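In case you want the letters, here they are:
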Amino acid sequence: MKITIEQLNFPISVKDKITKISNISKLDIKFINGKYIHFNNTNISINNPHKIIISNNSYYLILLSYENDNDFYLKDSLKLITLNEIKNIISQII
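Values in this document were obtained by computation on a predicted structure and should not be read as measured data.

Reading guide: rules and limits
Residues numbered from 1 in each chain as written. Predicted model: local features only at pLDDT ≥ 70, side-chain atom pairs only at ≥ 80, totals over all residues. Heavy atoms only, no water. Helix = DSSP H or I, 4+ residues; strand = E, 2+ residues; numbered from the N terminus. Polar contact = N/O pair within 3.5 Å; in protein donor to acceptor, adjacent residues only side chain to side chain. Contact = heavy atoms within 4.5 Å. Pairing = 2+ DSSP bridges. Salt bridge = Lys/Arg side-chain N within 4 Å of Asp/Glu carboxyl O. Buried < 20%, exposed > 50% of the residue type's maximum accessible area, 1.4 Å probe, protein only.

## Concerning the side chain of His50
Working step 1: With respect to the helices and strands, His50 occurs in strand β5 (residues 50-55).
Working step 2: A polar atom in the side chain of His50 sits 2.8 Å from the side chain of Glu67.
Working step 3: Sequence-distant contacts of His50, defined by excluding residues within four places in its chain, comprise Leu8, Asn9, Phe10, Pro11, Ile32, Asn33, Gly34, Leu63, Leu64, Ser65, Tyr66 and Glu67.

## What about the sheet that holds strand β8 (residues 80-81)?
Across a sheet, strands are paired by hydrogen bonds formed along the backbone, either parallel or antiparallel in direction.
Working step 1: Taking strand neighbours across the sheet as the criterion, the five strands line up as β2-β5-β6-β7-β8 in an open arrangement whose pairing is antiparallel. On the outer flanks of this sheet lie β2 (28-32) and β8, each paired with one strand and no other.
Working step 2: As judged from the five bridges shared by β2 and β5, these two strands associate in the antiparallel manner. Residue Lys30 lies in a different strand from β5, and its bridge partner there is Ile53.

## A closer look at the pattern of salt bridges
Working step 1: The final tally for this structure, using the stated rule, is one salt bridge.
Working step 2: Between Glu85 and Lys79 there is a salt bridge whose closest N-O contact spans 3.8 Å.
Working step 3: On the accessibility criterion, Lys79 (43% relative accessible area) is partly exposed.

## Considering the environment of Phe31
Working step 1: You can see Phe31 is positioned in strand β2.
Working step 2: When the C-alpha atoms of Phe31 and Ile53 are compared, they prove to be 6.6 Å apart, with 22 residues separating the residues in sequence.
Working step 3: Not counting chain neighbours up to four residues away, the residues in contact with Phe31 comprise Phe10, Lys15, Ile18, Thr19, Lys51 and Ile52.

In structure tokens, the structure reads:
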């Protein structure tokens, strides 16, 4: 079975939302591109989301962002998280 993997470009609008959060420059931020994985000759595909990793020396937060979706999700629970909740979490870890 052949697999086709397409690298997705990280949306600039999502990067802008995250980098505009106050005091976020004090933390390490990594933006990891998502992937679109298609199993050839089938109707099965997987959308691997973009990942945003925000960390300091002792704490890290992993957010997921799906292609064409402006919402953020927590990696461990897949709970929808708002930008205000992200700001509150960041203010606690700084």
